[in-house]
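# Descriptive structure summary
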Amino acid sequence: MIPYTVNIKLAARTLTGTLNLQNKTAVDWGWQGLIAQGCHSSILIIDPKTSQTIQVLERHKANVVKVKWSRENYYHNVSSPYCLRLASGDASGKIIVWDVVSGTVHCEIQEHSKPIQDMEWLWNQDASRDLLLAIHPPNYIVLWNGDTGTKLWKKSYAENILSFSFDPFDPSNMALLTSEGIVFITDFSHSKPPGSAGKKVYIASPHASPAHTKPAPAAAPVPTGAKKALNKVKVLITNEKPTAEAVTLNDCLQLSYLPSKRNHMLLLYPREILILDLELSQTVGVVAIERSGVPFIQVSCMYSKMCAMRISAKLDGIKDCGNHPEQNVYELMYDLRSQCDAIRVTKTVRPYRMVICPVNENSAALMVSDGRAMLWELKAQASKAVGNPSSGLSPLYTPLSFCGSPLGPNQKRIQDLSLNSMIGQTLMAGEAPPPSSNQQDIQLKFLLTGLLSGLPLPPFALRMCPPLTTKNINHYQPLLAVGTSNGSVLVYNLTSGLLHKDLSVHSCEVRGIEWVSLTSFLSFATSAPNNMGLVRNELQHVNLPTGRCFAFRGERGNDEPPIEMIKVSHLKQYLVVVFRDKPLELWDTRTGTLLREMAKNFPTVTALEWSPSHNLKSLKKKQMAAREAIARQTVSDAEQTSVESSVISLLQDAESKSETSQAISAREHFVFTDTDGQVYHITVEGNTVKDGARIPPDGSMGSIACIAWKGDTLVLGDVDGNLNFWDLKARLSRGIPTHRGWVKKIRFAPGKGNQKLLVMYTDGAEVWDTKEVQMVSSMRIGRNVNYRILDIDWCTSDKVVLASDDGCVRVLEMAMKSASYRMDEQDLTDPVWCPYLLVPRAALTLKAFLLLQPWSGTFTMDITQVDMKSVLQDPELSLLQRCLLVSRLFGDESDLHFWTVASHYLQSFAQARQLGVSTAEGQAKSEGTQTSPPNHLDICHDVLCESSYFQKFQLDRVHLQEVKRSSYDHTKKCADQLLLLGQTDRAVQLLLETSADNTSYYCDSLKACLVTTITSSGPSQSTIKLVATNMIANGKLAEGVQLLCLIDKAADACRYLQTYGEWNRAAWLAKVRLNPAESSDVLKRWAEHLCSPQVNQKSKAIMVLLSLGCFYKVGEMLQSMRHFDRAALFIEACLKYGVMEYARMLRSLGLREGAALWASRAGSAGQQLMEELFQGEGSVAQRGEESDCCHLSDTI
């Protein structure tokens, strides 16, 4: 038998059901590893790894429309710990910032009373991690301090704003999707509102909508299909509102910058996805579906490998993107790599939203309108056969590496850790696979790894199992039976909040449930009435352990009046079945036999309740005495004394093991009222039914609707909202008018001496203390809740359970205030890995323990157990791999970005060092000897990538822009880009394409001549440089930079760009035109600018310095920013890869003891440094340096 843990103190919780349409966009998957989902006015916190709801937040009065986890792109320490912080916005315009662990509110924000359109935490700046930007309808964007609720600034625009998107590469750029077009903002700042109204553009097609473009004829050599036809469509970005002839694509569903490519944007329409190049102002890629296909709903863009996931009626998986050379024409195309199984879509079951795990990007959650959360994981499987070139799909290859480093011969790894580790290199169709053996051909598959189901549509019928007692404590489970509208009965274990049993019992709506033991219950349902008002009644007995159901009334139930209620007696011996227009029936629940069917003249029952009093104890005493007498007669007088005590004890044990004896039929009582309010008393004993006293109606009471009886207290409630408290012992009654309307139901709380009473009205509920005859707490719709109560019950002596019309079942404290709770009070079935649930010091201790254990010869896992234990204990796991793995385990966005770039360039420079390329600290390699690493950094890192790969990508991009150009402005921009890239021949061809009737014909012709006849002679260069300088001085910055690039003065051009504040443009030009040494100088100046107090982006500056190999400077900056653990680990990694004079750096930082430690490890090579370190032992300056850096010394 499975042992049960009895938890008498159940935690408050909410069992959620179907979603409201306004909840459609209220879902987010945070870096913390948890999913937040809005369900009506509540917010669910879901652990996707174990498919458990671990928290429900309740404070909103309106439906939740947006939820956003705070970003983790900051350095974590005790003062800035790991925390679960969530922002939620509702339909009434209120924003609440939550501390999810405790279920408490940080702050509440209210600006207007209309639904929040969009919101986002500002993450790409170092100033503050508390800034929250929100759209308040109709046209306001407001920046809030999410910790205090203070409004920092507010800005209004001319059009209604629907959503916004930040440029992940430049925090000053953002785009607003409005009702008429797109507004681009280039001066966004957290310190002040944007000064301008932004640049407004429109999206239009000069022909027809791409979805309705006819495919090419079958006889044509071009492949047919909507996708190929779409590649011929020109969709324009215009500054003027489209005319009536042009089809305006005004049904845009989604706008988003691509995080994988700079200056690219995605627009989603019901039947097409457009990829825009913002520099060219032109679409460079289109993904479309046929007219008969299922429309798009959402697209999620990811950082890794330029991929996307989309949701239609099914989750379409990874779509790999690349520039495909096809007949010498470059196209930006998406290939479908994987898709999950489709779900059946009905009127009530529709996919609402999809979210992607931001840490690993290989997991997705699909939210369905019926409350289900479907959790999918993308798995990589080795391809059994070489890809068929004729299929049109290029093969996928996965690198045989782990966490950015080559896999050791015996090293353990985690399969499918992240998407970028699953997809290494993508080949074009028909291209031969690489000869290298460190890659493997794979295929991608979606696997359903978790399913979280909710309650069906209301109404519900609730009944809690019999209460906990000293007799059943060893096997008690707090089970709640929920009858649903579809005829099923759901049994929930309230300790964990998980579904215990889902039983399909009835064919129509369940109207009521009564437990007859801890493991069985009775439920009844009634069908729709026929023309005569008769129904089919279903009364079923259900055994929980076996799931067996049988009709309790046998063949009875067809064509009779509907059952109004069923009531089981206190000892579970008898059952009363009350009908609407038919006398009641009395049944024996133990034998399933009908004891009495009342006569036709029996009064109509309006309310009924069983008495808690019975004669079971007196019957047991009589039975015990009779058995004892028989036992004594069977033994001799000599044996009587010795046997007496044992016989009695055996009899007592036998009786105590069962609450009731099958041979005993105790006498029980029930009372009921008729339509006149008269109270009847009935006694039942075995087969005998006796009519008792009758109490005349109380003139102050209306028609009695319900009765509750406990001890000596009897409470009656009527349809007018009056409560009448009877003290049977004192023979007193007291009437209380509540003025709340019809009293629908009343129930006493369990527990001896507990006289609390739960009362349900049409507009809410109340808890009363019947001893003092006063109200304890109240809940009223419209005042403190926005949902209507459908059913009530007690789940423990101090907690109530309520079913509401928003599809939820709530377990609340007696005060009925909120269902939010502390997560550490939860009793979860499966353990949850989430370091954010720990107190700050415990989380940081765990992280340090997982990262590095220099005090131990072997890596141990004595204080924790995680799924990756064997990998973390693997001695072949390098420090860089460990840092990347732990950053993914913790969902630490800042750590993951830092160690991704650091790992790549540490290995790159270490490899160059091994190949004999001498590179001094802070100086880049000469152009002739630069070597490329085996795997380049993803292009999502933009200017942090290697120059050779970055140049190639920019050339491919400008070739694609050439193909997509459709106007003179596009051609001019392409020519300008080609000149900056040094592609003068192709630039001249584009300049000569200018038509004679164009106003720029003469200037372009002269420019073409200048480009072709330029020489490297001194006088011509001096003249061009002078002209370029004058043009720059007179506001022609772009033209002057072009002239400087023509005479190979790109370094001067970069300096001018930086002088005029074009830092990003200068970095781009340095990467594509300058040699490594000059490029390094430009980027170092950029890093200094990023460190300035006005910009305050030191984290970005560190990334730039990493890409330059300035590891010494990186270590200094980490120490100055007090990022001590990251600095120590980085220095340790530098030492292991031999790319830095580690001990000398420690000495320069003031870490003399640390420098001495590593110098001693170097043996004879470090002897000289040891002597230098300890000469002048009494130097005050040295001691001062040591004390200033004691924190870093302790960390190392």
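Residues numbered from 1 in each chain as written. Predicted model: local features only at pLDDT ≥ 70, side-chain atom pairs only at ≥ 80, totals over all residues. Heavy atoms only, no water.

For the protein chain, the name recorded in an unreviewed UniProt entry is WD repeat-containing protein 11, with Sander lucioperca as its organism.

## What to know about the overall build of the protein chain
For the record, the criterion: Numbering of helices and strands starts at the N terminus; helices are DSSP runs of H or I of at least 4 residues and strands are runs of E of at least 2. Here the term buried applies to any residue with accessible area under 20% of the maximum for its type, exposed to any over 50%, and partly exposed to those in between, with areas from a 1.4 Å probe on protein chains only. We call two residues in contact whenever any of their non-hydrogen atoms come within 4.5 Å of each other.
Within the protein chain, the secondary structure is distributed over 25 helices and 62 strands. The proportion of buried residues among the 1196 residues of the protein chain is 54%. The contacts of the protein chain with a sequence gap of at least 6 include a subset with a gap of at least 24, amounting to 54%.

## Here we look at the environment of M779
Along the chain, M779 falls in strand β59 (residues 774-780). With relative accessibility at 1%, the residue M779 sits in the buried group. In sequence terms M779 and E766 are 13 residues apart; their C-alpha atoms lie 6.2 Å from each other. M779 has contacts with R740, D763, G764, A765, N784, V785, Y787, I789, L802, L812 and M816, leaving out every residue within four places of it along the chain.

## Quick notes on the environment of R810
Inclusion rule: Polar contacts, as used here, are pairs of N or O atoms within 3.5 Å; protein pairs need one atom able to donate a hydrogen and one able to accept it. Residues neighboring in sequence count only if both atoms are side-chain atoms.
Counting through the fold element by element, R810 comes out in strand β62 (residues 809-813). R810 sits in the buried class, given a relative accessible area of 1%. Between the C-alpha atom of R810 and that of A12, which follows or precedes it by 798 residues, the distance is 7.6 Å. Residues within four places of R810 in sequence aside, it is in contact with R13, T14, S41, S42, E58, Y787, V800, V801, L802 and S804. In this structure the side chain of R810 is engaged in a polar contact, spanning 2.8 Å, whose partner is the side chain of D806.

## Examining the packing of helix α14 (residues 1037-1046) against helix α15 (residues 1050-1059)
Note the threshold: Think of each axis as a best-fit line through the C-alpha atoms, taken over the contacting stretch in the case of a helix, with angles from 0 to 180 degrees between the N-to-C directions. Throughout, the term roughly parallel applies to angles under 35 degrees, roughly antiparallel to angles over 145, roughly perpendicular to angles from 65 to 115, and oblique to all others. Here is the rule for handedness: rotate from the far helix to the near one, and if that takes an anticlockwise turn smaller than a right angle the crossing is left-handed, while a clockwise turn gives right-handed. Gly is placed with the polar residues, together with every amino acid not listed as nonpolar (Ala, Val, Leu, Ile, Met, Phe, Trp, Tyr, Cys and Pro) or charged (Asp, Glu, Lys and Arg).
In the contact formed by α14 and α15, the axes pass within 8 Å of each other and the chain directions differ by 160°. Here α15 runs roughly antiparallel to α14, going by the angle between their axes. The crossing of α14 and α15 is right-handed. Across the interface between the two elements, L1037, V1041, L1044 and C1045 of α14 pack against A1050, D1052, A1053, Y1056 and L1057 of α15. Split into classes, the residues belonging to the contact of α14 with α15 amount to 8 nonpolar, no polar and 1 charged.

## Here we look at the packing of aromatic side chains
Formally: Two rings belonging to Phe, Tyr or Trp (six-membered ring only in the last case) form a pair when the distance between their centres is within 6.5 Å. Interplanar angles under 30 degrees mark stacking, angles over 60 mark edge-to-face geometry, and anything in between is tilted. Any Lys NZ or Arg CZ that is within 6 Å of a ring centre and within 35 degrees of that ring's normal is treated as a charge sitting over the ring.
Summed over the entire model, instances satisfying the criterion amount to 20 aromatic pairs. With a centroid separation of 5.2 Å and an interplanar angle of 35°, the aromatic rings of F602 and F672 are classed as tilted. One end of the pair, F602, is in the loop between β47 (593-597) and β48 (607-614); the other, F672, is in strand β49 (residues 667-673), with 70 residues separating them in the sequence. Taking 5.6 Å as the distance between ring centres and 85° as the angle between the ring planes, the aromatic pair formed by F909 and F1111 counts as edge-to-face. Highlighted residues: F909 in helix α8 (residues 893-914) and F1111 in helix α19 (residues 1111-1120), separated in sequence by 202 residues. What links up through ring pairs into an aromatic cluster is the set Y574, F602, W610, F670, F672 and Y680. For the cation-ring pair, K154 lies above Y140, with the distance from its terminal atom to the ring centre recorded as 4.2 Å.

## Points about the sheet that holds strand β9 (residues 104-110)
Counted only if it meets this: Criterion used throughout: strands pair if DSSP finds at least two bridges between them.
Across the sheet, which stays open at both edges, the 4 strands sit in the order β6-β7-β8-β9 with antiparallel pairing between neighbours. Of all strands in the sheet, those with a lone pairing partner are β6 (64-69) and β9, marking the two edges. Neighbour-to-neighbour, the strand axes of the sheet open up by a mean angle of 20°, direction not taken into account. Summarising the sheet, strand β7 (residues 85-90) and strand β8 (residues 94-99) pair through 5 bridges and their orientation is antiparallel. Within the sheet, the bridge partner assigned to S88 lies in β8 and is I96.

## Observations concerning the nonpolar core
Where we set the bar: To define a nonpolar core, start from buried Ala, Val, Leu, Ile, Met, Phe, Trp, Tyr and Cys residues and group those joined through side-chain atoms within 4.5 Å.
Counting residues in each nonpolar core, the largest one holds 133 residues, and the members touching the most others are I45, L1069, L1106 and F1130. Beyond its immediate chain neighbours, meaning those up to four positions away, L1069 contacts L980, V1041, C1045, A1050, A1053, C1054, L1057 and L1074. With 31 residues, the next largest nonpolar core counts L480, V505, L544 and V809 among its residues.

## A word on helix α20 (residues 1124-1137)
Since there are 3.6 residues in each turn of an α-helix, residues three or four apart along the chain are aligned in direction. Definition in use: A helix is expected to span 1.5 Å for every residue after the first.
Across its 14 residues, α20 extends 20 Å between first and last C-alpha, which sits within 8% of the 20 Å expected from 1.5 Å per residue. Along α20, 10 of the 14 residues are buried, which leaves the element largely enclosed by surrounding structure. All of the buried residues along α20 are F1124, R1126, A1127, A1128, L1129, F1130, I1131, E1132, A1133 and C1134.

## Considering the confidence of the model for the protein chain
The condition is simple: Per-residue confidence from the predictor is reported as pLDDT, a score between 0 and 100.
Looking at the protein chain as a whole, the pLDDT averages 80, with 79% of positions reaching at least 70. For residues 206-234, every residue scores under 50 in pLDDT, and the model assigns this stretch 43 contacts once sequence neighbours within four places are set aside. Low pLDDT, under 50, characterises residues 323-329; the stretch is placed with 17 contacts to residues that sit more than four places away or in other chains.

## Remarks on empty space enclosed by the protein
Formally: A cavity here means a set of points on a 1 Å grid, drawn over the protein atoms and nothing else, where a 1.4 Å probe fits but cannot get out; a pocket is an open set with protein on both sides within 12 Å along at least five of seven lines, and a residue lines either one if it has an atom within 4 Å of a point. Grid points are joined across faces, edges and corners, and a volume is the space filled by probe spheres set on the points.
Taken as a whole and judged by the stated rule, the model has 7 cavities of 30 Å³ or more. The computed volume of the second largest cavity comes to approximately 80 Å³. In terms of lining, the second largest cavity is formed by D676, G677, V679, P696, P697, D698, M701, G702, I704, L716, N724 and W726. The residue inventory of the lining of the second largest cavity, partitioned by class, reads 7 nonpolar, 3 polar and 2 charged.

## What about a positive patch on the surface?
For clarity, the cut-off: Nonpolar side chains (Val, Leu, Ile, Met, Phe, Trp, Tyr) within 5 Å and like charges within 9 Å form the patches, drawn only from residues with over 30% relative accessible area and no salt bridge. Areas reported here follow the Shrake-Rupley algorithm with a probe of radius 1.4 Å; residue values treat only the protein chains shown as occluding. Each reported salt bridge corresponds to a side-chain nitrogen of Lys or Arg within 4 Å of a carboxyl oxygen of Asp or Glu. Only four residue types enter the tally: Lys and Arg on the positive side, Asp and Glu on the negative side, with His and both chain ends excluded. Think of each charge as sitting on NZ of Lys, CZ of Arg, CG of Asp or CD of Glu.
A contiguous patch of positive charge, built from K471, K617, K621 and K752, is present on the exposed surface. Note on placement: K617 falls in helix α3 (residues 616-633). Since its relative accessible area comes to 67%, K617 is described here as exposed.

## Some remarks on unusual backbone geometry
In this structure, P138 follows P137 across a cis peptide bond, with omega equal to 0°. For P138, the position within the fold is in the loop between β11 (131-136) and β12 (140-145). Here the bond from P458 into P459 is cis, since omega is 10°, no more than 30 degrees from zero. With respect to the helices and strands, P459 occurs in the loop between β35 (439-452) and β36 (461-464). Residues other than glycine seldom take positive phi values, yet S51 does so here, at roughly 55°.

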